[in-house]
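Each chain is listed here by its residues.
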Amino acid sequence: MDSNDSDPAAPRPVIGLPTYVEQARFSTWDTRSAVLQHDYIHMVDRAGGIPVLLPPIGTPHPELIDRLDGLVLTGGADIEPARYGARLNDAALGYTRPDRDESEFGLFTLARAAGVPILAVCRGLQLVNVALGGTLIQHLPDVVGHEGHSGRSGSFDVNEVLTEPGTQLAALAGPRLEAHCHHHQAIDDLAPGLVVGARSGDGSIEAAEMPGEPFLIGVQWHPEANRADDRLMRALVAAAAAYRRERVG
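What you see is a predicted model; the values in this text were computed from it and never measured. (Residues numbered from 1 in each chain as written. Predicted model: local features only at pLDDT ≥ 70, side-chain atom pairs only at ≥ 80, totals over all residues. Heavy atoms only, no water.)

K.L.:
Give a detailed account of the packing of helix 2 (residues 98-114) against helix 3 (residues 123-131), specifying residues and quantitative values.
P.N.:
In the contact formed by helix 2 and helix 3, the axes pass within 10 Å of each other and the chain directions differ by 70°. Looking at the two axes, helix 2 sits roughly perpendicular to helix 3. In the packing of helix 2 onto helix 3, the handedness of the crossing is right-handed. Taking contact as the criterion, the partners of Arg100, Asp101, Glu104, Phe105 and Phe108 in helix 2 are, on helix 3, Arg123, Leu127, Val128, Val130 and Ala131. For the contact of helix 2 with helix 3, a count of residues per class yields six nonpolar, no polar and four charged. (Axes fitted to C-alpha atoms, helices over the stretch in contact; angles between N-to-C directions. Helix = DSSP H or I, 4+ residues; strand = E, 2+ residues; numbered from the N terminus. Parallel < 35°, antiparallel > 145°, perpendicular 65-115°, else oblique. Left-handed = near helix turned anticlockwise from the far one by under 90°. Contact = heavy atoms within 4.5 Å. Nonpolar A, V, L, I, M, F, W, Y, C, P; charged D, E, K, R; others polar.)

K.L.:
Tell me what's going on with the nonpolar core, and back it up with residues and numbers.
P.N.:
With 32 residues, the main nonpolar core has Ile15, Trp221 and Met233 as its most contacted residues. Sorting the residues of this core by element identifies strand 1 (14-18), helix 1 (38-46), strand 6 (118-121), helix 5 (168-173), strand 9 (176-181), strand 13 (216-219) and helix 6 (231-248) as the ones contributing at least two each. A per-element tally of this core places helix 6 first, with seven residues. Once residues within four sequence positions are removed from consideration, Trp221 is found in contact with Val121, Cys122, Val161, Leu169, Leu177, Ala179, His180, Cys181, Ala198, Glu206, Ala207 and Leu232. Within the second largest apolar cluster, 30 residues are counted, among which are Phe105, Val116, Leu127 and Tyr243. (Core = buried A, V, L, I, M, F, W, Y, C linked by side-chain atoms within 4.5 Å. Buried < 20%, exposed > 50% of the residue type's maximum accessible area, 1.4 Å probe, protein only.)

K.L.:
Before we move on, can you summarise empty space enclosed by the protein with the specific residues and values?
P.N.:
Sizing a probe to match a water molecule and rolling it over the atoms shows the empty space that remains. Going through the model one piece at a time under the given rule, you end up with two cavities of 30 Å³ or more. Here the largest cavity defines a volume of roughly 120 Å³. Taken together, Leu172, Ala173, Leu177, Glu178, Ala179, His180, Trp221, Pro223, Asn226, Asp229, Arg231 and Leu232 form the lining of the largest cavity. At the level of secondary structure, the elements contributing two or more residues to the lining of the largest cavity comprise helix 5, strand 9 and helix 6. (1 Å grid on protein atoms, 1.4 Å probe; cavity = no way out; pocket = protein on both sides within 12 Å on 5 of 7 lines; lining within 4 Å. Points joined across faces, edges and corners; volume = space filled by probe spheres on them.)

K.L.:
Explain the pairing of strand 1 to me, using residue names and the numbers behind them.
P.N.:
In terms of burial, strand 1 is a largely internal element, five of the five residues being buried. Burial along strand 1 is two-sided: Val14, Gly16 and Pro18 facing one way and Ile15 and Leu17 facing the other are all buried. Taken together, the five bridges between strand 1 and strand 4 (residues 50-54) define a ladder with parallel strand orientation. The partner of Pro18 across the bridge, within strand 4, is Leu54. (Pairing = 2+ DSSP bridges.)

What is shown is where atoms sit, not what they do.
This is the structure in structure tokens:
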């Protein structure tokens, strides 16, 4: 059931999805392209939203936020360590994308100031934490002693995570859930204002949220990879629909 089924005539909320710029091959072309895994797009559509792709084009224009009802900060490259006051660890850091950093840090700031509902996924959670003053573990296996979060190339590890009682995430997902993980970094120092929403069995922070805001939840896993569980995306779409109604009257 779509999040808008209670009012079939209501417009679907528009959900922004930042993309990557990568070298891509399709048809007869091998060229730099704005790309995003289709699972994100399908997840938004299943949940009742309209997915709109947002390529990184420098500092985002403020008027973009007027066209969005919700935002999913998507996964991807490591964040530049200088953004959280760390020195580069060449042995641990994966690839970075400064163009995405510039675009998405700005996008998050504008969206939050406007009260746009936000779901942050993997890199997106790390971005939120850094933007609000937190830090990151550059290579989680060095801390926890295993690679159970990292997934193999092009795939995910499925881990059980435990939600924190009393959080918005626990109300949405229950006390535990299966998380499709593909990350080698994680939150180190939690940013002021955020609270932990879930942890893995080894104690790693797997989710965080901002109490008192309409909808700002970040998860370290990839909900788009689990087509059997759209609860987080449906919650975002419902919040985005409410935001749209309040904004347009």
